[in-house]
Amino acid sequence: MNTKNIFLLFLFTVGSACSNTSKLSTKKEKWKPLLQVQAGINKGGIAENTDFKTSTEIPVDGFTGATKIGKNIGAHVLFPVGKNAFETGIDFMYNPQTFTYNDAENGYFGKRDIGVSQFLFPVTYNIGIFKLKNNQPLFYLKLGYVLELNLLSVDDSGINLPAYSYKYKSSGMAFGISTTSIKLGNGAHLGFYIDGYRGSKIFNDFYNTDAYENPGSSYYKLGLIYQFK
């Protein structure tokens, strides 16, 4: 199954789950979890090593990386605690990346196109800022932790490329800002999110070993939120 099919299947699953769960609430509830779906763009995935100044065996421009804009979609639940909240859920994120090898000293020449598909499991504590009349904060400041499950598709082209491996799991600290302060006519809310993350290593090759400090995982993503009534 390619990445596009995975993304569409996840979209269908998220939509069905949120639709069914939202029917469980009643008008008599004074407090209830808040269900929301979100979708947007992102950039990140593998955070490759970019500093070879201290290495005597690798030329400075022997390895470079580039990341294109990807896409993400998710379903989250907020558990209000006063004007603050705990937030958790599941996201699917895809990032396309290209590694270029031009290292005459070690004999590596070519390109490695990598599709980084990730399922993200965030848990954050959201601090509400400026509570509004509709009991919604103007926005949340978010801080927490993310577990990533990684699936890579790799397409190599060139004369010779180094061997590689990757880790199926990674994790790290997350932070962000979100708001759902726009109330719609049907009682639902609309808003946006901006999230950032820096975590443990995903990818390993000759240029991204544990000897270097930079390799890891990272992303930033932003998009729209639809919060159910």
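Some points on the overall build of the protein
Consideration 1: Along the backbone of the protein there are 1 helix and 11 strands.
Consideration 2: When the elements of the protein are put in sequence order from the N terminus, they spell out α-β-β-β-β-β-β-β-β-β-β-β.
Consideration 3: When the 229 residues of the protein are sorted by exposure, 45% land in the buried category.
Consideration 4: Of the roughly 12200 Å² that the protein leaves accessible, carbon and sulfur atoms contribute 62%.

Observations concerning the nonpolar core
Consideration 1: Core analysis: the biggest nonpolar cluster contains 16 residues, and Ile46, Phe99, Tyr101, Ile114, Leu152 and Tyr207 have the highest contact counts within it.
Consideration 2: For this core, the secondary structure elements donating two or more residues are strand E4 (84–103) and strand E5 (108–131).
Consideration 3: Among the elements that take part in this core, E5 stands out by supplying 3 residues, more than any other.
Consideration 4: Apart from residues no more than four positions distant in its own chain, Ile114 is found in contact with Ile46, Asn95, Pro96, Gln97, Phe99, Leu152, Ser153, Val154 and Phe203.
Consideration 5: By size, the runner-up hydrophobic cluster in this structure holds 6 residues, among which are Met93, Leu120, Val146 and Ala174.

Points about the confidence of the model for the protein
Consideration 1: This prediction gives the protein a mean pLDDT of 85; 82% of its residues lie at or above 70.
Consideration 2: Contacts from residues 17–29, a stretch scored under 50 in pLDDT, to residues over four places away or in other chains number 8 contacts.

Notes on a nonpolar patch on the surface
Consideration 1: Side chains of Ile41, Ile69, Phe192, Ile194, Tyr220, Leu222 and Leu224 sit close together on the surface and give an oily, nonpolar patch of about 660 Å² of accessible area.
Consideration 2: Counting only elements with at least two residues in the nonpolar patch, the list comes to strand E9 (189–199) and strand E11 (216–227).
Consideration 3: Considering every element that reaches the nonpolar patch, the biggest residue donor is E11, with 3 residues.
Consideration 4: With respect to the helices and strands, the residue Leu224 is situated in strand E11.
Consideration 5: Judged by relative accessible area, which is 56%, Leu224 ranks as exposed.

Side note on the environment of Phe109
Consideration 1: On the secondary structure map, Phe109 appears in strand E5.
Consideration 2: Take Phe109: its relative accessible area is 29%, and that puts it in the partly exposed class.
Consideration 3: On a C-alpha basis, the gap between Phe109 and Leu161 in space is 6.3 Å, while along the polypeptide they are 52 residues apart.
Consideration 4: Residues contacting Phe109, with those up to four places away along its chain left out, are Tyr101, Asn102, Asp103, Ala104, Gly158, Ile159, Asn160 and Leu161.

What counts, and at which threshold
Numbers given for residues are sequential positions, taken from 1 along each chain in its written order. Local features in a predicted model are, by the rule used here, given only for residues with pLDDT of at least 70; side-chain atom pairs are given and counted only at 80 or more, and totals for whole chains, interfaces and linings are based on all residues. Calculation of side-chain values draws on the structure's entire complement of heavy atoms; hydrogens and water are dropped beforehand. Each helix corresponds to a stretch of at least 4 residues labelled H or I by DSSP, and each strand to a stretch of at least 2 residues labelled E; elements are numbered beginning at the N terminus. We call a residue buried when its accessible area falls under 20% of the maximum for its residue type, exposed when it is over 50%, and partly exposed in between, using a 1.4 Å probe and counting protein chains only. Here the accessible surface of atoms and residues is derived via Shrake-Rupley with a 1.4 Å probe, and residues count as covered only by protein chains that are part of the display. Side-chain atoms within 4.5 Å are what join buried Ala, Val, Leu, Ile, Met, Phe, Trp, Tyr and Cys residues into a set we call a nonpolar core. For this analysis, residues touch if any pair of their heavy atoms sits within 4.5 Å. Confidence scores labelled pLDDT are given residue by residue by the predictor and lie between 0 and 100. Here the term patch refers to residues with relative accessible area over 30% and no salt bridge, with like charges joined within 9 Å and nonpolar side chains (Val, Leu, Ile, Met, Phe, Trp, Tyr) within 5 Å. Any Lys or Arg side-chain nitrogen located within 4 Å of an Asp or Glu carboxyl oxygen qualifies as a salt bridge.

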